[in-house]
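# Structural characterization, general
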Amino acid sequence: MSELPASDSSLSATSLPLQSLAQVAGTDVVAEHVANSLASAGWCVLEGLGFDPVHLTALQQEVVALHEAGALAPAAIGRGPDQKLAAEIRNDRTAWLDGQSAAQAALFKRFSEIQQFLNRSLYLGLTHFEAHFAAFEPGGFYRAHRDSFQGKASRLVSLVLYLNEHWQPEMGGELRIYDAEGAVAAEVMPVLGRTAVFLSEDVLHEVCPSRHLRYSIACWFRADVSDNLLLLR
Ligand code: OGA
Ligand code: MN
């Protein structure tokens, strides 16, 4: 179901045009599609989260404003004491979402629904999510990587929501997803509302060099036992 051919032009034939179809007869079609795809292929691409387009436009305006105000900071790699800047690996600029604006609150509500659905259907035990805005300047990239170290369960599911209204193939900046054999499984153009979801520990992926300012939100659904224990102290 989520096996998309490598070329972006054929995405529309197989991905879900789901802006208005999110709730059909009480079924969360988007969440169901994500769960099924993660279980089979490990990834999927959606044409929307079943999420109000007005909020989508508002999120786009938020990231543009943050970028123009210089409020996005160079992103690092690694975690904790190992964290460092590595501009030869990634050179995007990011800022955490706090869920405060109406659009972010609506997005967080949608993320919570998806998290609950994934827990119910895949027993992932997700406890929370974190999300940041990202901007890649022209010349920006993020070399092939996975979002979580295997075996260290923290980030389990990654979701990237794109915020670029007028994207053209010659602008580059595709998300390239690899299959388990290392072959290219899909190249996803970062157009407004399009959303990629994949298993953080398993799926190798990269942001191809972008020739244009490229905006997105990246979200990670996490299962952090240690975080919960810390809260209990
Ligand atoms: C990331 C990432 C993909 C994208 O931030 O870890 O892989 O398409 N982003 O922006
Ligand atoms: Mn990534």
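The structure presented is a predicted model; accordingly, all values stated were derived computationally and were not measured.

### Some details on the pattern of salt bridges
Counting across every chain of the model gives 9 salt bridges. Across the salt bridge formed by glutamate 130 and arginine 222, the nearest N and O atoms sit 2.8 Å from each other. Of this pair, glutamate 130 sits in strand S8 (residues 128-136) while arginine 222 sits in strand S15 (residues 214-222), and the two are 92 residues apart along the sequence. Assessed through its relative accessible area of 16%, glutamate 130 is described here as buried. Through salt bridges with shared partners, one network takes in Asp28, Lys109, Arg110 and Glu113.

### Focus: the coordination of the manganese ion (ligand 2)
By definition of the ideal shapes, four donors in a tetrahedron about a metal sit 109.5 degrees apart, and six donors in an octahedron sit 90 or 180 degrees apart. Those donors, His145 (NE2), Asp147 (OD) and His205 (NE2), are the protein atoms that reach the manganese ion (ligand 2), and they lie 2.1 Å from it. Coordination of the manganese ion (ligand 2) draws on donor residues from a single chain, spaced H-x1-D-x57-H in sequence. Note on accessibility: histidine 145 and aspartate 147 belong to one class, buried.

### A few points about the site of ligand 1
Around ligand 1 sit Tyr142, His145, Asp147, Val160, Tyr162, Leu175, His205, Val207, Arg214, Ser216 and Trp220, and those are all the residues in its vicinity. Here aspartate 147 contributes a side-chain N or O atom positioned 3.2 Å from an oxygen atom of ligand 1. Interatomic distance of 2.8 Å between a side-chain N/O atom of arginine 214 and an oxygen atom of ligand 1. When ligand 1 sits alone it has 290 Å² of accessible area, and the protein chains cover 97% of it. Every element with two or more residues in the shell around ligand 1 is listed here: strand S9 (142-145), strand S10 (155-162), strand S14 (205-207) and S15.

About the thresholds
- Just so you know, the residues in each chain are numbered from 1, in the order the chain's sequence is written.
- Chain A is the first chain written and ligand 1 is the first ligand written, with later ones labelled in order.
- In keeping with the model being predicted, local features are shown solely for residues with a pLDDT of at least 70 and side-chain atom pairs are shown and tallied solely at 80 or more, while totals for entire chains, interfaces and linings include all residues.
- Processing note: side-chain calculations cover all non-hydrogen atoms of the structure and skip hydrogens and water entirely.
- By salt bridge we mean one thing: a side-chain nitrogen of Lys or Arg within 4 Å of a carboxyl oxygen of Asp or Glu.
- Under the DSSP-based scheme used, a helix requires at least four consecutive residues in state H or I and a strand at least two consecutive residues in state E, with every element numbered from the N terminus.
- Burial status follows relative accessibility: with a 1.4 Å probe on protein chains alone, a residue under 20% of its type maximum counts as buried, one over 50% as exposed, and anything between as partly exposed.
- Listed donors are limited to N, O and S atoms within 2.8 Å of the metal, widened to 3.2 Å for Na, K and Ca; water is not among them, so incomplete-looking sites are possible.
- Each residue is tested against the molecule or strand, and it is near if at least one of its non-hydrogen atoms lies within 4 Å.
- In protein, a polar contact means a hydrogen-donor-capable atom and an acceptor-capable atom, both N or O and within 3.5 Å, with residues adjacent in sequence counting only if both atoms are side-chain atoms; elsewhere, any N or O pair within 3.5 Å suffices.
- What sets the accessible areas is the Shrake-Rupley method with a 1.4 Å probe; for residues, cover comes only from the shown protein chains.

Fair warning: the whole summary comes from geometry, so function is off the table for now.
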